[in-house]
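# Residue-level structure breakdown
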Amino acid sequence: MAAAVSFLYDTFHNRRRITGRLVTLTPLRIGSGEAAPDPTAVDNPVIRDAYGRPFIPGSSFKGVWRSFAEQVLGQRENGDRGCCDPLSASCLSREEVKELKKEHKDTRRLAEEIYTRLCPACRIFGSPHFAGRLRVRDLLPDGSTWPGFCEVRPGVAIDRDTRTAYPNRKYETEAVPAGTVFIFEAVVENAGDEEWRDILLTLLPFTRGELSLGGCTGRGLGRVRLENTQVTSVTSANLREFLARGWSGLAPLDLESACREAGLVLGGAEDV
Ligand SMILES: [Zn+2]
């Protein structure tokens, strides 16, 4: 057990950075969730940063990554899922944590007890009781690929019973045009070997364009592909170099090499 939980956060073991370019293969719609204050503006605007540029919140990317990981990680032999659904039944309830806190006054021991009870997805992506390994930064557009405007897609509200359009219920929805590239960066802290393999394994479908982001994915929107993926690793062996020179002072590996180094067996080179 000691080996499995040795990677808490009180000691540095490793830090990895994954970078890449996320290309929108079809228009991408991540709504701001707010009504536009300007009455002449589009009804359903995309989320934008302070400079008016659309961006992809890191939490949106991480949410899709996590949902996929929950489906595939830790599968049991009987076909049951090995990960909890944190929205309905978490792998570790507040009551169980309360009990553990009563039982273990030593904070490191308590952290170990909590960690060992978490499912693989909660260990990597986080739970209310334990910080996850993974942080995904907000993805900003590459200025050379962002055309400076969004597509506006007209729609009309349909009455479900009569299957006819409601009068005066037209609306407009914004979407980022296909071909826009967003800059991807994720940082992984103190992941154990198995966690790191799971992180890479569940990232691979993004590199094949198999997962979609945002809204209206049923209508074909939000198909994305992660390209030029690179991994930079810091361990105790090059920690001093990293502290002195930062990420740019370390040589990255391409994703295929990083996967092989982590012990994953891949198919053809075109997979990555
Ligand atoms: Zn869980």
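Residues numbered from 1 in each chain as written. Predicted model: local features only at pLDDT ≥ 70, side-chain atom pairs only at ≥ 80, totals over all residues.

### As for the overall build of the protein
Within the protein one finds 7 helices and 7 strands. The linear arrangement of helices and strands in the protein, starting from the amino end, is β-α-α-α-α-β-β-β-β-α-β-α-β-α. Here the C-alpha coordinates of the protein stretch approximately 65 × 45 × 40 Å along the principal axes. Residues counted as buried form 26% of the 272 residues belonging to the protein. Restricting to contacts in the protein with at least 6 residues of sequence separation, those with at least 24 account for 67%. (Helix = DSSP H or I, 4+ residues; strand = E, 2+ residues; numbered from the N terminus. Buried ≥ 20, exposed ≤ 12 C-beta atoms within 10 Å, placed from the backbone. Contact = placed C-beta atoms within 7 Å.)

### Details of the nonpolar core
One recurring pattern in soluble globular proteins: nonpolar side chains tend to sit buried together. If you look at the biggest cluster of nonpolar residues, it comprises 45 residues, and the most contacted ones within it are Leu22, Leu28, Ala121, Leu134 and Ile199. Of all the secondary structure elements, the ones that give two or more residues to this core are strand E1 (14-24), helix H1 (58-72), helix H4 (120-125), strand E2 (134-136), strand E5 (181-189), helix H5 (193-207), strand E6 (224-235) and helix H7 (255-261). Not counting the four nearest positions on each side in its chain, Leu134 is found in contact with Lys62, Ile124, Phe125, Ala186, Val188 and Ile199. (Core = buried A, V, L, I, M, F, W, Y, C linked by C-beta atoms within 7 Å.)

### Quick look at H1
If you check H1, its first and last C-alpha atoms are 21 Å apart, about what 15 residues at 1.5 Å a residue would give, namely 21 Å. Residues of H1 that are buried include every one of Phe61, Trp65, Arg66, Ala69 and Glu70, and no others. Across the axial projection of H1, the buried residues extend over an arc of 165°, all falling on one side. Those residues of H1 that are buried lie in contact with H4, E2 and H5. Immediately beyond the C-terminal end of H1, within one or two residues, lies Gly74, with a positive phi of roughly 65°. (Expected span 1.5 Å × (residues − 1). Arc of directions from axis to C-beta.)

### Considerations on the packing of H1 against H5
Taken N-terminus to C-terminus, the directions of H1 and H5 make an angle of 115°; their axes are 10 Å apart at the nearest point. As the angle between them shows, H1 and H5 are arranged roughly perpendicular. The crossing of H1 and H5 is right-handed. Counted together, Trp65, Phe68, Ala69 and Val72 of H1 and Asp198, Thr202 and Pro205 of H5 form the full contact between these two elements. In terms of residue class, the contact of H1 with H5 is built from 5 nonpolar, 1 polar and 1 charged. (Axes fitted to C-alpha atoms, helices over the stretch in contact; angles between N-to-C directions. Parallel < 35°, antiparallel > 145°, perpendicular 65-115°, else oblique. Left-handed = near helix turned anticlockwise from the far one by under 90°. Nonpolar A, V, L, I, M, F, W, Y, C, P; charged D, E, K, R; others polar.)

### Digging into the pairing of strand E4 (residues 165-175)
Note: strand E3 (residues 151-158) against E4, 7 bridges, orientation antiparallel. Residue pairing for E4: Ile158 is matched across the bridge by Ala165. Joining the antiparallel neighbours E3 and E4 is a turn of 6 residues, in which Arg163 adopts a positive phi near 55°. (Pairing = 2+ DSSP bridges.)

### Quick notes on the environment of Leu213
With respect to the helices and strands, Leu213 occurs in the loop between H5 and E6. Residue Leu213 is classed as buried on the basis of its C-beta count, with 23 C-beta atoms lying within 10 Å. Sequence spacing of Leu213 and Phe61 is 152 residues, and the spatial spacing of their C-alpha atoms is 6.9 Å. The residues contacting Leu213, other than those within four sequence positions of it, are Leu28, Ile30, Ile56, Ser60, Phe61, Val64, Gly222 and Val224.

### Structural notes on the pairing of E5
Of the pairings in the sheet, the one linking E1 to E5 comprises 9 bridges and is antiparallel in character. Looking across to E5, one finds that Arg21 is bridged to Ile183. Direction of pairing for E2 relative to E5: antiparallel, over a ladder of 3 bridges. Across the sheet, the residue bridging to Arg135 is Val187, located in E5.

### Quick word on the sheet that holds E1
The 5 strands lie next to each other as E2-E5-E1-E6-E7, forming an open sheet whose pairing is antiparallel. Two strands close off the open sheet at either side, each with one partner strand: E2 and strand E7 (253-254). Packed on one face of the sheet, H5 meets E2, E5 and E6 and runs near 160° to E6.

### Details of the packing of helix H2 (residues 94-103) against helix H3 (residues 107-117)
Running from amino to carboxyl end, H2 crosses H3 at an angle of 150°, the nearest separation of the two axes being 10 Å. In terms of their interaxial angle, H2 and H3 are classed as roughly antiparallel. Between H2 and H3 the crossing geometry is right-handed. The residues of H3 that touch H2, namely those facing Val97, Leu100 and Lys101, are Leu110, Glu113 and Ile114. Residue classes in the contact of H2 with H3 are distributed as 4 nonpolar, no polar and 2 charged.

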